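Breakdown of the fold
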Amino acid sequence: MSAIAQYLAGTGKQVSGSDRYFLPDVLNDTREKLEALGIRCFLQNGEGISAATDLVVVSTAVEDTVPEVQKASKLNIPIIKRSELLALIAASKKAIAIGGTSGKSTTCAMLFDILQYAGKNPSIIGGAGLVSIMKEGRIGNAKAGSGEWLVIEADESDGSIIQYKPEIGVLLNVDKDHKEMDALMEIFGEFRRNTRQLFVVNLAHAGARQLSQNKAQDFSTDPSFPAGYQASEFRQKGLAISFHINDVGFILNTVGKHNMENALAATAVANQLGVDLTTCAEALKSYEGIYRRHQVLGKKHGVWLIDDYAHNPVKCAVSIEACQEISPKVIAWIQPHGYGPTRFLRHDFVAEIGRVLRPEDEIWMSEIFYAGGTALKDISAGDLINDLKVMDKLAFFAEDRNAFLEAVRPHLTGNCVLLLMGARDPSLEYFAKQVWEQL
């Protein structure tokens, strides 16, 4: 919601918004940054709605009982969903929609940086803050540029992806996450049908490969499935990676093969928009990353502390693997989100994490994040830990995350990575900073 608000304000619209966390006399970084852009912020009590309000936009989390919705209804003010507004915005520009179950935010950021570097003045509405935009004092997840291209993150979890009719659609991967594979393939199939000009897919991924239209416009990291844009010669040294795309060398200050794949996707699109590969490589050399996506907080006493948004089985496994190239021991901690999602993905979590853990690596979990509602609490993160113990993995349950650091201290070595993972809980970023301060 904050990304849309910032984008609309950047195009000259009068924007205001409410949130239950916008409490009077309580410091709120998001509110401060929005108000600095002229976006008025209110507590969620209806006071922000008036007869002068032309349109009310709600997220999927906003129910009919919320005061703003009730007041707007009484005043006959139109109410639409966030996804509907995003579709309207996308239709107003030449949109590049990035889809897939993993890597969307990062690929959006990389593509935005390339197009910006190439002088195309793009716009972006993403799912995470770009460090380069955050340095301007913004939240970082949106910016309105003067150019014709808009880069947007297309979310399959709420089905909003099928409302877009972008000029260019990109499919990174398809893994079981919020929905079963059959349902996901149906959604991404419709995404392809709705794309007007160019549909670009990852041929190295079995699910995405099924939706390819033209291998020449696709990308791949697997020589068994060659594409028009082929990555090879991957190397990771510490906190940097290098590789080639069609014989042009790339170096990025980030980690993991998954980030080579994200950079490859961004480059494949940019090149087909007229940006040569060498310019793409130059742009990504100064890529600064996005907030809470393998964000390195620093190193203390030989311990690298990394904060990551990984929250589904594949993402968590890939995140752990990327850290294994940094140190001989990885201690990974996860706070699963939601009782329903954790129950749905229990066996996948255990299988994926169990697959990548080396004998010296450890997995820790704290109790499932509960966001409210009527969820059936018939599963615990401790159940997943017990499953991993059965596989003879070094697995530990720290029910209260505030006790985690003291519990894990004896396990830290003079050369290891402490990886914190989780999503949906807005306090996780503060938890990471707290761990860093006390490390």
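Structure report, in brief. (Residues numbered from 1 in each chain as written. Predicted model: local features only at pLDDT ≥ 70, side-chain atom pairs only at ≥ 80, totals over all residues. Heavy atoms only, no water.)

Looking only at helices and strands, one finds 15 helices and 20 strands in the protein chain. Here the C-alpha atoms of the protein chain give a radius of gyration of 22 Å, agreeing with the 22 Å that 2.2 N^0.38 yields for 439 residues. Its C-alpha atoms give the protein chain principal-axis dimensions of about 65 × 50 × 40 Å. When each of the 439 residues of the protein chain is scored for burial, the buried share is 52%. (Helix = DSSP H or I, 4+ residues; strand = E, 2+ residues; numbered from the N terminus. Rg over C-alpha atoms; globule rule 2.2 N^0.38 Å. Buried < 20%, exposed > 50% of the residue type's maximum accessible area, 1.4 Å probe, protein only.)

Turning next to the packing of helix H12 (residues 339-356) against helix H13 (residues 381-390). Following both chains from N to C, one finds H12 and H13 inclined at 35 degrees, their axes separated by 10 Å at the closest point. When you trace H12 past H13, the crossing you get is right-handed. Contacts between H12 and H13 pair Thr342, Arg346, Phe349, Val350, Ile353 and Gly354 from the former with Asp383, Leu384, Asp387 and Leu388 from the latter. The residue inventory of the contact of H12 with H13, partitioned by class, reads five nonpolar, two polar and three charged. (Axes fitted to C-alpha atoms, helices over the stretch in contact; angles between N-to-C directions. Left-handed = near helix turned anticlockwise from the far one by under 90°. Contact = heavy atoms within 4.5 Å. Nonpolar A, V, L, I, M, F, W, Y, C, P; charged D, E, K, R; others polar.)

Within a beta sheet, neighbouring strands are joined by backbone hydrogen bonds and run either parallel or antiparallel to one another. With respect to topology, four strands assemble into an open sheet ordered S11-S12-S13-S14, the strand pairing being mixed. In the strand order of this sheet, the two ends are held by strand S11 (219-220) and strand S14 (248-252), each with one partner. Relative to strand S12 (residues 229-237), S11 runs parallel, the two sharing two bridges. Residue pairing for S12: Phe219 is matched across the bridge by Tyr229. Contacts between helix H10 (residues 277-285) and the sheet are confined to S12, strand S13 (240-245) and S14, with S14 contributing the most and set at about 15 degrees to the helix. (Pairing = 2+ DSSP bridges.)

Strand order in the open sheet formed by six strands is S7-S6-S8-S5-S9-S10, and the pairing between neighbours is mixed. Each end of this open sheet is capped by a strand with a single partner; those strands are strand S7 (142-143) and strand S10 (198-201). Note that strand S6 (residues 123-125) and S7 share two bridges and pair antiparallel. Each bridged residue has a counterpart across the sheet, and for Ile125 the counterpart in S7 is Ala142. Across the sheet, helix H4 (residues 82-92) touches strand S5 (94-99), S6 and strand S8 (149-153), and the angle it forms with S8 is around 155 degrees.

The next point concerns the packing of helix H5 (residues 104-117) against H10. Interaxial distance between H5 and H10 falls to 9 Å at its minimum, and their mutual angle equals 115 degrees. As the angle between them shows, H5 and H10 are arranged roughly perpendicular. The crossing of H5 and H10 is right-handed. Every residue of H10 that contacts H5 at Met110, Asp113, Ile114 and Tyr117 is listed here: Thr279, Cys280, Glu282, Ala283 and Leu284. For the contact of H5 with H10, a count of residues per class yields six nonpolar, one polar and two charged. (Parallel < 35°, antiparallel > 145°, perpendicular 65-115°, else oblique.)

Of note, Arg293 is situated in the loop between H10 and strand S15 (295-300). If sequence neighbours within four positions are ignored, Arg293 has contacts with Ser105, Thr106, Gly127, Ala128, Asp307, Asp308 and Tyr309.

Together, Glu180, Asp182, Glu186 and Glu190 give the surface a local cluster of negative charge. Note on placement: Asp182 falls in helix H7 (residues 181-194). Given a relative accessible area of 68%, Asp182 falls into the exposed group. (Patch = residues over 30% accessible without salt bridge, like charges linked within 9 Å, V, L, I, M, F, W, Y side chains within 5 Å. Areas by Shrake-Rupley, 256 points an atom, 1.4 Å probe, with all protein chains shown as cover. Salt bridge = Lys/Arg side-chain N within 4 Å of Asp/Glu carboxyl O. Lys, Arg positive; Asp, Glu negative; His and termini not counted. Charge placed at Lys NZ, Arg CZ, Asp CG, Glu CD.)

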